[in-house]
Amino acid sequence: MTTERHTWIAFLRAINLGATRKFPKQAISAAVVRAGGTDVETYINTGNVRFDHPVGDRTEMEAILEEAFAADRFFEVPTICVTPAELKVIANDAAAVGMGHEGKQFVFLCKELTDSGSRDALVARAGEGERVYVIGRAVHLLTESFQQTKITNAVVERHIAISTNRNINVIRTLADKWA
């Protein structure tokens, strides 16, 4: 039996929206512990959690967490896991694509990679004044207004995969804190 532990950062999608999808960070931490996680930390109440776990496969880890979260909350909680090294790369990519941009910047974290046709179709959906970059499992959006963007989670999911987004400040903070 191995005692090796892997560090994961999980991003939960569509929680704490409205009255029916509440999942406080203390409950997230408790569910991660019940699923075998240790050294659990959360950051703000939007579904960002860092932990260690014996499972080293990303897809398996996401499935374990999604099962634990559904058992705790009685609704599905799509979860995207990255390693600290992957988060650091995502943050560095975000800094590079956002250099000189004065508006809003968001990163959509996706469960899966995409093919070039789907990637091109998503980039073509960007509205006027928006720029979209797909790098690995991350979609980087530069926009003036997130409320008026044509690139939403639904659009990203239609073209690529299940995703959740965070603003650039959360990505930078988590990379500095956990990567």
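Residues numbered from 1 in each chain as written. Predicted model: local features only at pLDDT ≥ 70, side-chain atom pairs only at ≥ 80, totals over all residues. Heavy atoms only, no water.

### Here we look at the sheet that holds strand 5 (residues 104–110)
Sheet architecture is open: 4 strands sit in the order 6-7-5-8, paired in antiparallel fashion. The strands lining the two open edges of the sheet, one partner per strand, are strand 6 (131–135) and strand 8 (163–167). Sheet twist, expressed as the average angle between the axes of neighbouring strands with direction ignored, equals 20°. Pairing of strand 5 with strand 7 (residues 138–143) involves 6 bridges; the strand directions are antiparallel. Paired with Phe108 across the strands is Val139, a residue of strand 7. (Pairing = 2+ DSSP bridges. Helix = DSSP H or I, 4+ residues; strand = E, 2+ residues; numbered from the N terminus. Axes fitted to C-alpha atoms, helices over the stretch in contact; angles between N-to-C directions.)

### Some details on the packing of helix 3 (residues 84–98) against helix 6 (residues 168–178)
Orientation of helix 3 relative to helix 6, taken along the N-to-C sense of each, is 140°, at an axis distance of 9 Å. Relative to helix 6, the element helix 3 is oriented oblique. The handedness of the crossing between helix 3 and helix 6 is left-handed. Contacts between helix 3 and helix 6 pair Pro84, Leu87, Lys88, Ile90, Ala91 and Ala94 from the former with Ile168, Ile171, Leu174, Ala175, Asp176 and Trp178 from the latter. Of the residues assigned to the contact of helix 3 with helix 6, the class counts are 10 nonpolar, no polar and 2 charged. (Parallel < 35°, antiparallel > 145°, perpendicular 65-115°, else oblique. Left-handed = near helix turned anticlockwise from the far one by under 90°. Contact = heavy atoms within 4.5 Å. Nonpolar A, V, L, I, M, F, W, Y, C, P; charged D, E, K, R; others polar.)

### Overview of the pattern of salt bridges
Applying the stated criterion across every chain yields a total of 7 salt bridges. Here Arg50 makes a salt bridge to Asp52, at a shortest N to O gap of 3.3 Å. For Arg58, the salt bridge identified is with Glu62, shortest N-O distance 3.2 Å. Here the residue Arg58 and the residue Glu62 both occupy positions in helix 2 (residues 58–73), the gap between them amounting to 4 residues, near one helical turn. In this structure Arg58 comes out as buried when scored by relative accessible area, which is 18%. Look at the salt bridges and you will find they share partners, linking Arg58, Glu62, Glu66 and Lys111 into a network. (Salt bridge = Lys/Arg side-chain N within 4 Å of Asp/Glu carboxyl O. Buried < 20%, exposed > 50% of the residue type's maximum accessible area, 1.4 Å probe, protein only.)

### Remarks on the layout of surface pockets
Approximately 230 Å³ is the volume found for the largest pocket. The element best represented in the lining of the largest pocket is strand 8, accounting for 3 residues. Split by residue class, the lining of the largest pocket holds 5 nonpolar, 6 polar and 2 charged. (1 Å grid on protein atoms, 1.4 Å probe; cavity = no way out; pocket = protein on both sides within 12 Å on 5 of 7 lines; lining within 4 Å. Points joined across faces, edges and corners; volume = space filled by probe spheres on them.)

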